[in-house]
Amino acid sequence: GLSWQCMGPILGSVEHSPGNQWAGGLAVLPNNELIVWMKIRECLEDHEGNVLLRSSDGGESWSEPESVDVERYGAIGCIGQMTGLADGTLIATGEGKGDNDLVPESSMVNLITRSGDGGRSWDPVQSTHASENPYYFDLAVTQLPNDHLLAAYWTHDMTTDCGVNVHLSTSPDLGRT
């Protein structure tokens, strides 16, 4: 950590962020615009409050927060992590309970959505991995050189309330199906 230099807060004013702030991901678009996804929650249990901020000067200054309008999935589905692909597509992930249509409500699902316009609009949320005990959480993704999507997620046994381990999976179509 000797070479790291603090650049200061992205959102310093509480008038823009009435609650706790978490970084949800960074991406650089092909036009060199830097995008940061932030989760702002008054209560940890809240599932709303995702915003994007933009910087055209490498993070020295930031735009006003833009609310991220991603549809909910199932009973408690929420999106909270974002990454960028080489072509500028943004992918956001999260987790929630099944929608009781495609996935039983008793299951937990990892969720994925994408934006092809720099985060201004988002595709409908899709489930990726459905799980019943142990459950899969905190899906993190990156693009591999072969254009596959690599995902890492941890598992949790709800019976013993114990974390199990971290798994990897790949998608040859960048998570589209």
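In this report, the structure presented in the accompanying data block is examined. Keep in mind that this is a model prediction, so the values were computed, not measured.

It is worth spelling out the nonpolar core at this point. Of all hydrophobic cores here, the largest spans 16 residues; its most connected members are Trp37, Leu52, Val70, Ile79, Met82, Leu90 and Trp122. Elements supplying a minimum of two residues to this core: strand S2 (34-41), strand S5 (78-84), strand S6 (90-97) and strand S7 (108-115). Aside from chain neighbours lying at most four places away, what touches valine 70 is Trp37, Ile79, Thr113, Trp122 and Val125.

Looking at chain direction, strand S10 (residues 149-157) and strand S11 (residues 162-171) are connected through eight bridges and run antiparallel. Along S11, the bridge assignment pairs aspartate 157 with cysteine 162. The antiparallel hairpin formed by S10 and S11 contains four residues in its connecting segment, where aspartate 161 sits at a positive phi of about 50°.

Ordered in space as S1-S2-S3-S4, the four strands form an open sheet in which the pairing is antiparallel. In the strand order of this sheet, the two ends are held by strand S1 (20-28) and strand S4 (66-67), each with one partner. In this sheet, strand S3 (residues 50-55) lies alongside S2 in antiparallel orientation, the contact comprising six bridges. Residue leucine 34 lies in a different strand from S3, and its bridge partner there is serine 55.

Turning to the pairing of S7, a few remarks are in order. Burial of S7 is extensive: eight of the eight residues sit out of reach of the surface. When S7 meets strand S8 (residues 126-131), the two strands line up antiparallel, connected through four bridges. Each bridged residue has a counterpart across the sheet, and for methionine 108 the counterpart in S8 is serine 131.

The three strands are arranged S9-S10-S11 in an open sheet whose pairing can be described as antiparallel. On the outer flanks of this sheet lie strand S9 (135-143) and S11, each paired with one strand and no other. Each adjacent strand pair in this sheet contributes to an overall mean axis angle of 20°, direction not counted.

To describe a pair of aromatic rings, one takes the distance between the centres and the angle between the planes. Within this structure, the stated rule accounts for four aromatic pairs. Look at tryptophan 37 and tryptophan 122: their rings are 5.4 Å apart centre to centre, the planes differ by 85°, and that puts the pair in the edge-to-face class. Of this pair, tryptophan 37 sits in strand S2 while tryptophan 122 sits in the loop between S7 and S8, and the two are 85 residues apart along the sequence. Relative accessible area serves as the criterion here: at 12%, tryptophan 122 is assigned to the buried category. Aromatic rings pair up to connect Tyr135, Phe137 and Trp154 into one cluster.

It is possible for side chains bearing opposite charge to pair when their charged atoms get close. Counted under the stated rule, the structure contains two salt bridges. With a shortest N-O distance of 3.4 Å, arginine 54 and glutamate 33 are connected by a salt bridge. Placement of the pair is arginine 54 in strand S3 and glutamate 33 in the loop between S1 and S2, with a sequence separation of 21 residues. For the pair arginine 54 and glutamate 33, a shared accessibility class is recorded, and that class is buried. The partner of arginine 54 in a salt bridge is glutamate 66, with the nearest N and O atoms 2.7 Å apart. Note that arginine 54 is positioned in strand S3 and glutamate 66 in strand S4, a separation of 12 residues in sequence. Accessibility expressed as a relative area gives 6% for arginine 54, which makes it buried. A network of salt bridges, in which partner residues are shared, links Glu33, Arg54 and Glu66.

Cut-off values and rules
Residues numbered from 1 in each chain as written. Predicted model: local features only at pLDDT ≥ 70, side-chain atom pairs only at ≥ 80, totals over all residues. Heavy atoms only, no water. Core = buried A, V, L, I, M, F, W, Y, C linked by side-chain atoms within 4.5 Å. Buried < 20%, exposed > 50% of the residue type's maximum accessible area, 1.4 Å probe, protein only. Helix = DSSP H or I, 4+ residues; strand = E, 2+ residues; numbered from the N terminus. Contact = heavy atoms within 4.5 Å. Pairing = 2+ DSSP bridges. Axes fitted to C-alpha atoms, helices over the stretch in contact; angles between N-to-C directions. Phe/Tyr/Trp six-rings, centres within 6.5 Å; stacked < 30°, edge-to-face > 60°. Salt bridge = Lys/Arg side-chain N within 4 Å of Asp/Glu carboxyl O.

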